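Listed below, chain by chain, are the residues.
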Amino acid sequence: MIILGIETTCDETGISLIECENNRLRILKNELASQYKVHNKFGGVVPILAAREHTKNLPILLKKINQDFNLEKIDYLAFSVGPGLLPALIAGKEFVIKLAEKLNKKIIPVDHLSAHWYSVLIKNKSGWQKIKQIDFPTLILIVSGGHTNLYLFENWGKRKKLGQTLDDAAGESLDKAARILNLGYPGGPQIEKMSKLAKKYYMLPKPILNKGYNFSFSGLKTAFSELVKEIKKYQKLNQQTVADLSFSFQKTVFEILIYKIKKAVSEFSPKTIIVAGGVSANQTLRKMIKNVLPNFKIYFPEKTLATDNGVNIALAGYLLVKNKRKVIGASKLDVYQRLP
Ligand SMILES: Nc1ncnc2c1ncn2[C@@H]1O[C@H](COP(=O)(O)OP(=O)(O)OP(=O)(O)O)[C@@H](O)[C@H]1O
Ligand SMILES: [Mg+2]
């Protein structure tokens, strides 16, 4: 089965082609157009600009795939219908509808968050590979630019959401902290880089740490912003101070995430843990989680599959079709800022 996966939920335009059979997969093409340069000067994603970039980039990426692959051979189009930025999703939807009509193919609507958690099952490499099987129950943390969700999965079809962020997502908070420090967008990787130079730790608050499985990062961001203002009163923000502040913010965010993971591990005794989404690309976070849970089988996506891309969407599409989930005609396609 050949699936074309299309991703346009936020600021990455991705189109990928995968071939799958009997729980095996090979990536035939993986095209990605990153928009960070467009959004960098605004310190965050501007939805209408993201939409414009998707409209511009989608035909370019498809052309690259079409160069040595006959699109008629595709069985399904998998498209991430949300959650995401509405203008960006609408730009993707218009493209997918036209393509599905032209090729006379059905569409597999894919939940963007499921694409993040399935991303740990494969490697970003060419050639055939087995799709990993994992042991359940599994605890899943999706930690990305738009979400900080903690779930317990009994199997892929049965899950319970334990908690989510009540305000900013963890990735969003890293992006905002980076903006406060003038480090550019996306902030997570910049904060990670600067943190490595740190020599000092500034204590910051951990809101609602002891209250269940929800998260809250906006109060932390405000406290951080106040701290930076205070420091600026008596000194210029030199590179060392930016490094110390980056480290302190990152450490605080990650300790909050790990506290809740540990709490869920002791309450629900999962057999495995999955941490996925853009922030899971962070090497310090990975090390910190492995250090506190040394005996656990913990799955992270490959760095290039942690952030948004078309391969994750195509893979999620394959798993849906394999499990007999419905495919739809182009006229039925709809997109969602928040999934219903
Ligand atoms: N190395 C890193 N360390 C920390 N954060 C990172 C790193 N790389 C990327 N991020 C963060 O990941 C986020 C982007 O991740 P992703 O592409 O999964 O999110 P999104 O698609 O915008 O949101 P969602 O998936 O919730 O809809 C950004 O907030 C970015 O700062
Ligand atoms: Mg994402």
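Placed above this text is the structure.
Remember, it's a predicted structure, so these values are computed and weren't measured experimentally.

Colleague: Explain helix α11 (residues 310-322) to me, and be specific about the residues and the numbers.
Modeller: Structurally, the α-helix is built with 3.6 residues per turn, so residues lying three or four positions apart point the same way. For α11, built from 13 residues, the straight-helix expectation of 18 Å at 1.5 Å per residue is met to within 8% by its first-to-last C-alpha distance of 18 Å. The buried fraction of α11 amounts to 12 of the 13 residues, a majority that puts the element mostly inside the structure. For α11, the full list of buried residues reads Gly310, Val311, Asn312, Ile313, Ala314, Leu315, Ala316, Gly317, Tyr318, Leu319, Leu320 and Val321. For α11, the capping residue at the N-terminal end is asparagine 309, with a side-chain oxygen 2.9 Å from the backbone nitrogen of valine 311. Just downstream of α11, lysine 324 is the residue with a positive phi angle, here 65°.

Colleague: Give a detailed account of the coordination of the magnesium ion (ligand 2), specifying residues and quantitative values.
Modeller: Within the protein, the atoms that donate to the magnesium ion (ligand 2) are His112 (NE2), His116 (NE2) and Asp308 (OD), at distances of 2.1 to 2.2 Å. Linear spacing of the donor residues for the magnesium ion (ligand 2) on their chain is H-x3-H-x191-D. Of the two residues, histidine 112 sits in helix α4 (residues 112-118) while aspartate 308 sits in the loop between α10 (303-306) and α11, which places them 196 residues apart along the sequence. Here histidine 112 matches aspartate 308 in class, with each residue buried.

Colleague: Give me the lowdown on the sheet that holds strand β10 (residues 272-276), citing residues and values where you can.
Modeller: Taken together, 5 strands build an open sheet; the order of strands is β9-β8-β7-β10-β11 and the sheet is mixed. The outermost strands of the open sheet, each flanked by one partner alone, are β9 (158-164) and β11 (297-299). Ignoring which end each strand starts from, the neighbouring axes of this sheet average 20° apart. Inspection of the sheet shows strand β8 (residues 148-155) paired to β9 by 6 bridges, in the antiparallel sense. Residue pairing in the sheet places phenylalanine 153 in a bridge with arginine 159 of β9. The sheet contacts of helix α8 (residues 239-268) involve β7 (138-143), β8, β9 and β10, and relative to β7 the element is tilted by about 165°.

Colleague: Which residues make up the nonpolar core, and what values go with them?
Modeller: Counting 45 residues, the largest nonpolar core has Leu139, Leu257, Ile261, Val275 and Ile289 as the members making the most contacts within it. Listed by contribution, the elements that provide at least two residues to this core are β7, β8, α5 (170-180), α6 (187-195), α7 (218-234), α8, β10 and α9 (283-292). The greatest single-element share of this core, amounting to 12 residues, is contributed by α8. With near-sequence residues (within four places) excluded, isoleucine 261 lies in contact with Leu139, Leu141, Ile273, Val275, Ile289 and Leu293. In this structure, Ile134, Tyr151, Ala316 and Tyr318 belong to the second largest nonpolar core, which totals 35 residues.

Colleague: A description of the side chain of glutamine 35 should follow, citing residues and the corresponding values.
Modeller: With respect to the secondary-structure elements, glutamine 35 resides in the loop between β3 (24-34) and α1 (36-40). Owing to a relative accessible area of 1%, glutamine 35 belongs among the buried residues under this scheme. At 3.5 Å, the side chain of glutamine 35 and the side chain of histidine 54 are in polar contact. Those residues in contact with glutamine 35, other than ones at most four positions away along the chain, are Cys10, Asp11, Thr13, Leu49, Ala50, Glu53 and His54.

Colleague: Tell me about the sheet that holds strand β2 (residues 12-21), residues and numbers included.
Modeller: With mixed pairing, 6 strands are arranged side by side in an open sheet as β5-β4-β1-β2-β3-β6. Only two strands of the sheet have a single partner each, and these edge strands are β5 (106-111) and β6 (129-130). Bridge count for strand β4 (residues 76-82) against β5 is 6 bridges, and the pairing is parallel. By the bridge assignment for β5, tyrosine 76 is matched with lysine 106. Relative to the sheet, α11 contacts β1 (2-7), β2, β3, β4 and β5, its axis offset from that of β1 by approximately 130°.

Rules used in this analysis
Residues numbered from 1 in each chain as written. Chains lettered and ligands numbered in written order. Predicted model: local features only at pLDDT ≥ 70, side-chain atom pairs only at ≥ 80, totals over all residues. Heavy atoms only, no water. Helix = DSSP H or I, 4+ residues; strand = E, 2+ residues; numbered from the N terminus. Expected span 1.5 Å × (residues − 1). Buried < 20%, exposed > 50% of the residue type's maximum accessible area, 1.4 Å probe, protein only. Polar contact = N/O pair within 3.5 Å; in protein donor to acceptor, adjacent residues only side chain to side chain. Donors = N, O, S within 2.8 Å, 3.2 Å for Na, K, Ca; no water. Pairing = 2+ DSSP bridges. Axes fitted to C-alpha atoms, helices over the stretch in contact; angles between N-to-C directions. Contact = heavy atoms within 4.5 Å. Core = buried A, V, L, I, M, F, W, Y, C linked by side-chain atoms within 4.5 Å.

Don't take any of this as a statement about function, it's just geometry.
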